[in-house]
Amino acid sequence: MKVISTEHSQVLATRVARALDVKLVDVKYSRFPDGEHYLQTGELDDETIIIGSVTDNDALVQLLLLIDACSESRCHLVIPYMAYARQDKQFKKGEPLSARAVARALGSGVCDVTTVNIHDPTVLQHFSVPARNISIAKDIGSYLQALDLKNPLILAPDDGALKFAEGVASVGGWEFDYLEKTRISGNEVLMAPKQLCAASRSVVIVDDIISTGGTIATASGMLYHQDAQEVFAACVHGVFTEGAYGKLISKRIRDVICSDTIERACSRVSAADRIAHAMKNPRAP
Ligand code: R5P
């Protein structure tokens, strides 16, 4: 077995290969003069783990080409971050179910698919091959534990992320809750922990994705207003559009932590061990 990756997941793929003690396939990437992608793989094995985060449209095309180039091997596809997964419903007539379109394209040519904290696991049903989702909530919890925060409060920005917050909090036996929105007036919304009090506490807001950072910026402003001592933000997928990272730091967030499902300078948590474990245990959920 060997591991191969797109350019977008090369650090994570190296970590997974090391954790599995298997070789990494060298890949030559380039572009044609018109911008089309080209790639050529080194020697493959009978079985291949393909790792490629879909961070944008180019990453999607490169991953499709890589899957095709590996078609003589038995391929297990790992999609650490899957863009388009948030469009998982047809909200308006005439819209695509984008998550389904991407899943259909990526699922053909591989034997199975593993995602990491996909926005909504219902997306897995759109792959034409067995697909499962793994969570790195506990790895984020372990990172926070090393920070030695005193009695932190782990907060999900909404009830949809509560299970994720619970997974993070379980590592230290910390309290967890979610932020509830209450409409005060036509243009005023209050966000506060549903049951617990943030005053004088280190609060860590945890979410699957930070994109524009809008959700976390609003939440942290409210929490400081409620006398939180300090606010941290941690997520799996640091998308960070529109200068989100800098925006959050400028809004007094002590630190912004993400994983290497999208490779960033602030990727302090690695999904590699969970992915390697999943690859060794094909039937594990
Ligand atoms: C939404 O349901 C997701 O879980 C995140 O809360 C959302 O994608 C964050 O987006 P933003 O950073 O743009 O507020």
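Cut-offs applied
Residues numbered from 1 in each chain as written. Predicted model: local features only at pLDDT ≥ 70, side-chain atom pairs only at ≥ 80, totals over all residues. Heavy atoms only, no water. Domains from an automatic or database assignment. Contact = heavy atoms within 4.5 Å. Buried area = accessible area lost by both parts, 1.4 Å probe. Salt bridge = Lys/Arg side-chain N within 4 Å of Asp/Glu carboxyl O. Polar contact = N/O pair within 3.5 Å; in protein donor to acceptor, adjacent residues only side chain to side chain. Helix = DSSP H or I, 4+ residues; strand = E, 2+ residues; numbered from the N terminus. Buried < 20%, exposed > 50% of the residue type's maximum accessible area, 1.4 Å probe, protein only. Near = heavy atom within 4 Å. Areas by Shrake-Rupley, 256 points an atom, 1.4 Å probe, with all protein chains shown as cover. 1 Å grid on protein atoms, 1.4 Å probe; cavity = no way out; pocket = protein on both sides within 12 Å on 5 of 7 lines; lining within 4 Å. Sits in = over half its atoms within 2 Å of the grid points. Nonpolar A, V, L, I, M, F, W, Y, C, P; charged D, E, K, R; others polar. Core = buried A, V, L, I, M, F, W, Y, C linked by side-chain atoms within 4.5 Å. Axes fitted to C-alpha atoms, helices over the stretch in contact; angles between N-to-C directions. Parallel < 35°, antiparallel > 145°, perpendicular 65-115°, else oblique. Points joined across faces, edges and corners; volume = space filled by probe spheres on them.

(A) Geometry of the domain arrangement of the protein. Domains assigned within the protein are domain 1 (2-134) and domain 2 (137-269). Between the C-alpha centres of domain 1 and domain 2 the distance comes to 28 Å. Across the boundary between the two partners, domain 1 contributes 14 residues, which contact 12 residues of domain 2. Roughly 1,100 Å² of surface becomes buried between domain 1 and domain 2 when both sides are summed, with 52% attributable to carbon and sulfur atoms. In terms of surface lost to domain 2, no three residues of domain 1 exceed Tyr81, Arg86 and Asn117, which account for 48% of the buried area on that side. Inspection of the region where domain 1 meets domain 2 yields one salt bridge. For the salt bridge of Arg15 with Asp260, the shortest nitrogen-to-oxygen distance reads 2.7 Å. Counting the contacts that link domain 1 with domain 2 gives eight residue pairs in polar contact (both at pLDDT 80 or more). Per-element tally for the side of domain 1 that touches domain 2: the top contributor is helix H1 (residues 10-20), with four residues.

(B) Here's a closer look at the pattern of salt bridges. Tallying each qualifying case throughout the model produces 11 salt bridges. With its nearest N and O atoms 3.9 Å apart, the salt bridge here joins Glu47 to Arg74. Of the two residues, Glu47 sits in strand S5 (residues 47-51) while Arg74 sits in strand S6 (residues 74-79), which places them 27 residues apart along the sequence. Of the charged contacts in the structure, one is a salt bridge between Asp120 and Lys89, with a shortest N-O distance of 4.0 Å. Placement of Asp120 in the loop between strand S7 (112-116) and strand S8 (131-134) and of Lys89 in the loop between S6 and helix H3 (98-107) is noted, with a sequence separation of 31 residues between them. Classification of Lys89 by relative accessible area gives partly exposed; the value is 42%. Via salt bridges that share partners, Asp88, Lys89 and Asp120 belong to a single interconnected network.

(C) Looking closely at the site of the ligand. In the region of the ligand, the neighbouring residues are Arg86, His119, Asp207, Asp208, Ile209, Ile210, Ser211, Thr212, Gly213, Gly214 and Thr215. At 2.8 Å, a side-chain N or O of Arg86 approaches an oxygen atom of the ligand. Contact between the ligand and Asp207: an oxygen atom at 2.5 Å from a side-chain N or O atom of the residue. Relative to its unbound accessible surface of 380 Å², the ligand loses 80% to contact with the protein. Comparing atom positions with the cavity grids shows the ligand to sit within the largest pocket. Listing elements by their share of the shell around the ligand, those giving two or more residues are strand S12 (202-210) and helix H6 (214-225). In terms of residue count, the dominant contributor to the shell around the ligand is S12 (four residues). Residues of the shell around the ligand, tallied by class, amount to two nonpolar, six polar and three charged.

(D) Looking closely at the nonpolar core. Counting 38 residues, the largest nonpolar core has Ile140, Ile154 and Ile275 as the members making the most contacts within it. No fewer than three residues from each of domain 1 (2-134) and domain 2 (137-269) sit in this core. Those residues within four positions of Ile140 in sequence are excluded, and the remaining contacts are Phe164, Val168, Ala234, Cys235, Val236 and Val269. By size, the runner-up hydrophobic cluster in this structure holds 33 residues, among which are Leu60, Val102, Val110 and Val239.

(E) Molecular detail of the packing of helix H2 (residues 57-69) against H3. Taken N-terminus to C-terminus, the directions of H2 and H3 make an angle of 25 degrees; their axes are 9 Å apart at the nearest point. The pairing of H2 with H3 is recorded here as roughly parallel in orientation. Facing Leu60, Leu63, Leu64 and Ile67 of H2, the residues of H3 in contact are Val102, Ala105 and Leu106.

(F) Region of the structure containing the layout of surface pockets. Its volume calculated, the largest pocket comes out at about 640 Å³. In this structure, the largest pocket is lined by 26 residues; those nearest its centre are His119, Gly160, Ala161, Asp207 and Asp208. Sorting the residues of the lining of the largest pocket by element identifies S8, helix H5 (162-170), S12 and H6 as the ones contributing at least two each. In terms of residue count, the dominant contributor to the lining of the largest pocket is S12 (four residues).

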